[in-house]
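Commentary on secondary and tertiary structure
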Amino acid sequence: MTTERAPTPFLSVRDLHAWYGESHALHGVSLDVAQGQTVTLLGRNGVGKTTTLRAIMGIIRKRKGFIEFDGRDLMQTPLHRTAHAGIGFVPEERGIFATLTVDENLILPPVVAPGGMSVAEIFELFPNLKERRNSSGTKLSGGEQQMLAIARMLRTGVKLLLLDEPTEGLAPVIVERIGEVLATLKARGMTILLVEQNFRFASRIADRFYLMEHGRITVDFPAAELEDRMAALHDVIGV
Ligand SMILES: Nc1ncnc2c1ncn2[C@@H]1O[C@H](COP(=O)(O)OP(=O)(O)OP(=O)(O)O)[C@@H](O)[C@H]1O
Ligand SMILES: [Mg+2]
């Protein structure tokens, strides 16, 4: 057992509630992500993982609680200012513009802070996107779309990435490639909050895991405990 104190959180979420209309989806989510860490949110379908990311971004307006990022109160930050606060959201549906080319998709999101990667650096990290730079969004495979969805956040200078199931539906070789990319981003100091069902994949980069059940966090543990908890997690998550 280590008795190290947890580092100061970069993102801090406390007692977060969120609603879709009258439907109460988050029932008091609390989690911390330290700067440079990768934190993975696990949980069965429908427990509120995506809703947690949407509530942090401010996409869900009906929310209550406390969210602080990099010293800024996100509860007071409207959706259109969240990216400027330094958070990049890569939604499950990826949101690639079908009629725009890879190049155009890549330069579309505005730069919000210094320190982002250049297009040349991004293509170094994603050589397959470079090859496809003049192809339109519709022509890309699922894996290429996922890579582009991550890649276009890297120019903007955001300091925290929220990734919603980036490996879902992708072939093992592509999952492997995305794992390498995330490990590289982490090595460059990116902070990542990852929603992921594939905890083999997540275990390569995650420092900490949170398990969600019924709209709240029920378990959290450091990556070192993943192996011992694997059987119990399989029971809860059912994957
Ligand atoms: N747009 C919406 N309108 C109404 N209810 C919603 C909406 N999106 C999600 N919900 C409900 O909110 C709850 C949490 O859903 P959420 O999508 O956050 O779960 P999740 O953990 O991301 O699941 P999955 O693993 O399937 O992606 C579920 O009961 C879901 O049916
Ligand atoms: Mg989801």
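Above this text sits the structure in question.
Residues numbered from 1 in each chain as written. Chains lettered and ligands numbered in written order. Predicted model: local features only at pLDDT ≥ 70, side-chain atom pairs only at ≥ 80, totals over all residues. Heavy atoms only, no water.

Unusually for a residue other than glycine, D15 sits at a positive phi of about 50°. With respect to the secondary-structure elements, D15 resides in strand β1 (residues 9-20). Residue class for D15 comes out partly exposed when judged on its relative accessible area of 43%. One non-glycine residue, R94, adopts positive backbone phi at about 75°. Looking at where R94 falls in the secondary structure, it is placed in the loop between β6 (87-90) and α3 (102-107). (Helix = DSSP H or I, 4+ residues; strand = E, 2+ residues; numbered from the N terminus. Buried < 20%, exposed > 50% of the residue type's maximum accessible area, 1.4 Å probe, protein only.)

All told, the structure shown has eleven salt bridges when counted by the stated rule. Ionic pairing is found between R133 and D103, a salt bridge with its closest N-O pair at 3.0 Å. Of this pair, R133 sits in the loop between α5 (127-131) and α6 (142-154) while D103 sits in helix α3, and the two are 30 residues apart along the sequence. (Salt bridge = Lys/Arg side-chain N within 4 Å of Asp/Glu carboxyl O.)

This part is about α6. Between its terminal C-alpha atoms α6 stretches 19 Å, which fits the 18 Å expected from 13 residues at 1.5 Å a residue. Within α6, eleven of the 13 residues are buried, which leaves it mostly tucked inside the rest of the structure. Residues G143, E144, Q146, M147, L148, A149, I150, A151, R152, M153 and L154 constitute the buried set of α6. Each element contacted by the buried residues of α6 is listed here: β6, α3, α4 (119-125), α5, β7 (160-164) and α7 (172-187). (Expected span 1.5 Å × (residues − 1). Contact = heavy atoms within 4.5 Å.)

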